[in-house]
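# Structure at a glance
So the chains spell out like this:
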Amino acid sequence: MKRRTINQAIEEALKREGIPLRAKELYNRIVEDDLYRFKAINPEHIVRTQLRRHSINLDFPTAHKSKHFVFLKDGTYWLKGVDHPTLQDQQKPQAKKVAKYEEIRELHKKYLVNFKHSILSQLGEIDPLEFEHFCRKLLAVYGFRNMKVTQKSKDGGIDGYGELRIGLATMQVAFECKRWSATVGRPKISQFRGDIQGKFQQGIFFTTSRFSREAKDVSFQAGAVPIILVDGNGIVELMIEKRFGVEREDLPIYTNAMDLVLQNNE
């Protein structure tokens, strides 16, 4: 005989009893009828956890997508999709629908996309020189030191430079900033590398737009100064990571755990 899963044992116990049961009652019935042989230290807790995770009207972050049971208002559980006389008053629709955890998470994803887009749009509207100073400050927040923006008449093809301490060594770094809407192609990356070759150990190229595939292909080449490419989305991600120009507000998300209260009345 094929061994039952815990969920199958719970379902069988409910079918045999014919009425909704509490978690403790279900556990006792499973043991008495030898529907499942537990090896856990606290098997009743295992039954309770499975009931909670697989009930269609209990919504919390670790709940399972597969649903087999229904949690009722009196603290008992019943089979999903199976009618029972005792369910008529307990399964009346609520006056107001409460947003489920998955719905809240999807709303948060949409909010985050819109938020990042608004930040990027704002970056695209600032003055080019102000964007250079913005990138200097961003690098400083990320751990770079002595960052400076060069004067236009003496920039030597770069917008700024500074240092990055790695262990006992200090790496000389240059950066270039393009507040563009057009895609940055390979020629700009090659030109930037030529300007810093022999003077700096690393280059960082910022743009509010994006990089072409060819530009990405030449950013790292054997024997040449590596160029780190940071596009518009990358800039916003760095801002969020370091909370640079971004403030974070934690909103508590509450989930219904009334079943834990009701089923502990035994």
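Scroll up to find the structure.
Attention in this report is confined to the structure presented alongside it. In this text, all values refer to a predicted model and were calculated from it rather than measured experimentally. (Residues numbered from 1 in each chain as written. Predicted model: local features only at pLDDT ≥ 70, side-chain atom pairs only at ≥ 80, totals over all residues. Heavy atoms only, no water.)

### Examining the sheet that holds strand β7 (residues 227–230)
The strand order β3-β4-β5-β6-β7 describes an open sheet built from five strands, whose pairing is mixed. With one partner strand each, in any of the chains shown, β3 (145–149) and β7 form the two edges of the open sheet. For this sheet the average axis-to-axis angle between neighbouring strands, irrespective of direction, equals 25°. The pairing of strand β5 (residues 169–178) with strand β6 (residues 202–207) spans six bridges and is classified as parallel. (Pairing = 2+ DSSP bridges. Helix = DSSP H or I, 4+ residues; strand = E, 2+ residues; numbered from the N terminus. Axes fitted to C-alpha atoms, helices over the stretch in contact; angles between N-to-C directions.)

### Thoughts on the packing of helix α4 (residues 101–123) against helix α8 (residues 232–242)
Across the interface, α4 lies against α8 with an axial gap of 10 Å and an inter-helix angle of 110°. In terms of orientation, α4 and α8 fall into the roughly perpendicular class. In terms of crossing hand, the pair formed by α4 and α8 is right-handed. Residue-level inspection shows F115, K116, I119, L120 and L123 of α4 in contact with α8, the latter providing G232, N233, I235, V236, E237, M239 and I240. (Parallel < 35°, antiparallel > 145°, perpendicular 65-115°, else oblique. Left-handed = near helix turned anticlockwise from the far one by under 90°. Contact = heavy atoms within 4.5 Å.)

### Notes on the side chain of S219
Residue position: S219 is located in the loop between α7 (213–217) and β7. Among the polar contacts listed, one links the side chain of S219 to the backbone oxygen of K216, at a separation of 2.8 Å. (Polar contact = N/O pair within 3.5 Å; in protein donor to acceptor, adjacent residues only side chain to side chain.)

### Considerations on the pattern of salt bridges
Summed over all chains, the structure comprises 12 salt bridges. Between E176 and K178 there is a salt bridge, and its shortest N-O distance comes to 3.4 Å. Of the two residues, E176 and K178, neither departs from the other in class, the shared state being buried. In this structure, the salt-bridge partner of D250 is R248, at a minimum N-O distance of 2.8 Å. Here D250 matches R248 in class, with each residue exposed. (Salt bridge = Lys/Arg side-chain N within 4 Å of Asp/Glu carboxyl O. Buried < 20%, exposed > 50% of the residue type's maximum accessible area, 1.4 Å probe, protein only.)

### Focus: the layout of surface pockets
Roughly 690 Å³ of internal volume is contained in the second largest pocket. Every residue lining the second largest pocket is counted, 16 residues in all, and those nearest its centre are H108, Y111, R248, E249 and D250. Top element by residues in the lining of the second largest pocket is α4. It accounts for seven residues. Per-class residue counts for the lining of the second largest pocket are nine nonpolar, one polar and six charged. (1 Å grid on protein atoms, 1.4 Å probe; cavity = no way out; pocket = protein on both sides within 12 Å on 5 of 7 lines; lining within 4 Å. Points joined across faces, edges and corners; volume = space filled by probe spheres on them. Nonpolar A, V, L, I, M, F, W, Y, C, P; charged D, E, K, R; others polar.)

### Some points on the pairing of β6
Residues in a regular strand project their side chains so that they alternate between the two faces of the sheet. Extensive coverage of β6 is indicated by the burial of six of its six residues. Residues Q202, I204 and F206 of β6 are buried on one face, and the alternating residues G203, F205 and T207, pointing to the opposite face, are buried as well. After leaving β5, the chain enters helix α6 (residues 186–196) and then returns to the sheet as β6, a path that is right-handed. Taken together, the four bridges between β6 and β7 define a ladder with parallel strand orientation. Paired with I204 across the two strands is I228, which belongs to β7. (Right-handed = clockwise from strand over helix to strand, strands pointing away.)

### A short note on the pairing of β5
Looking at chain direction, strand β4 (residues 160–166) and β5 are connected through seven bridges and run antiparallel. Directly across from L164, in β5, lies its bridge partner M171. Hairpin geometry of β4 and β5 is characterised by an intervening segment of two residues between the two adjacent antiparallel strands and by a positive phi of about 65° at G167.

### What about the packing of helix α1 (residues 6–17) against helix α2 (residues 23–32)?
The geometry of α1 relative to α2 is characterised by a closest axis approach of 9 Å and an angle of 95° between their N-to-C directions. Here α1 lies roughly perpendicular to α2, going by the angle between them. Seen from α1, the contacting residues are A9, I10, A13, L14, R16 and E17; seen from α2, they are L26, R29 and I30. Residue classes in the contact of α1 with α2 are distributed as six nonpolar, no polar and three charged.

### Considering unusual backbone geometry
Positive phi, close to 55°, is recorded for D34, a residue that is not glycine. You can see D34 is positioned in the loop between α2 and α3 (43–53). Classification of D34 as partly exposed rests on a relative accessible area of 39%. One non-glycine residue, R243, lies in the positive phi region at around 50°. Relative to the assigned elements, R243 resides in the loop between α8 and α9 (258–262).

### Regarding α4
If you check α4, its first and last C-alpha atoms are 33 Å apart, about what 23 residues at 1.5 Å a residue would give, namely 33 Å. Within α4, the full set of buried residues consists of Y101, I119 and L123. On its buried face, α4 is in contact with α5 (128–141) and α8. (Expected span 1.5 Å × (residues − 1).)

Treat this as a map of the structure, not an account of what it does.
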